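# Structural overview for review
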Amino acid sequence: MSISSPPTIKCHVVSHYLAEQSHPDQQRYVFSYTITIKNLGRGSAHLLTRYWLITDANGKKLVIEGEGVVGQQPHINATDEFTYTSGTIIETPVGVMQGQYTMEDEVGNRFKVEVAPFRLAMPNILH
């Protein structure tokens, strides 16, 4: 098994606060996030697992690990992309999420793709 961080996979994240599902009076803040995983390489990549670390403004940490994303383990062909939307709930109006995917190239080498930290925040709470 080869572990590396190839520059051929890039992730773009957009997060949104879901006011209609949140209840601030109950310390329930719901966020969605849409991630686009772009394969900029010459070969295909298969997403096997995910790892997330979610930290709220109180420092409370939640780790999420599992197979695939949203019930799928997509194969992303060269120059193609895969986009999905998921969500999380935290106890504060601001938090941060970061993680990584374990992927496998077309010859069976496994590698990690880092997802840089991104903010979860209610609109207008941060300047």
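The notes below deal with the structure included here. (Residues numbered from 1 in each chain as written. Predicted model: local features only at pLDDT ≥ 70, side-chain atom pairs only at ≥ 80, totals over all residues. Heavy atoms only, no water.)

### Overview of the packing of aromatic side chains
To keep it simple, the criterion reads: Each Phe, Tyr or Trp ring, with Trp reduced to its six-membered ring, pairs with another whose centre is within 6.5 Å; inter-plane angles below 30 degrees give stacked pairs, above 60 give edge-to-face pairs, and intermediate values give tilted ones. Comment: elements are numbered from the N terminus, with helices defined as DSSP H or I runs of at least four residues and strands as E runs of at least two. With a 1.4 Å probe rolled over the protein chains alone, any residue whose accessible area is under 20% of its type maximum counts as buried; one over 50% counts as exposed, and the rest are partly exposed.
Counted by the stated rule, this structure contains six aromatic pairs. Taking the centre distance of 5.4 Å and the plane angle of 55° together, the rings of Tyr17 and Phe31 count as tilted. Taken together, the residues span a long stretch of sequence, with Tyr17 in strand E1 (residues 9-17) and Phe31 in strand E2 (residues 29-39) at a distance of 14 residues. Seen in terms of ring centroids, Trp52 and Phe118 are 6.2 Å apart; in terms of plane orientation they differ by 90°. Their pairing is edge-to-face. In this pair, Trp52 is assigned in strand E3 (residues 45-56) and Phe118 in strand E8 (residues 110-121), connecting sequence segments 66 residues apart. By relative accessible area, Phe118 is classed as buried at 9%. Among the aromatic side chains, those forming a connected cluster through ring pairs are Tyr33, Trp52, Tyr101 and Phe118.

### Quick word on the sheet that holds E2
Strands in a sheet are paired, the pairing made by backbone hydrogen bonds, and the direction either parallel or antiparallel. Rules: Only strands that DSSP links by at least two bridges are regarded as paired with each other. Axis definition: a line fitted to C-alpha atoms, limited for helices to the stretch in contact. Angles are taken between N-to-C directions and run from 0 to 180 degrees.
Reading across the sheet, the three strands line up as E1-E2-E6 and stay open at both edges, with antiparallel pairing between neighbours. Edge positions in the sheet fall to E1 and strand E6 (81-90), since each has one partner strand and no second. The average angle at which neighbouring strand axes cross in this sheet is 20°, direction not considered. With nine bridges connecting them, E1 and E2 associate as antiparallel partners. Within E2, the position partnered with Ile9 by the bridge is Asn39.

### Topic: the side chain of His46
As a reminder of what qualifies: Residue contacts follow a heavy-atom distance rule, with two residues in contact if any of their heavy atoms lie within 4.5 Å.
Its place among the elements puts His46 in strand E3. On the basis of relative accessible area, His46 is assigned to the buried category, the value being 15%. Excluding residues that lie within four positions of it along the chain, His46 makes contacts with Gln73, Pro74, His75, Thr102, Met103 and Glu104.

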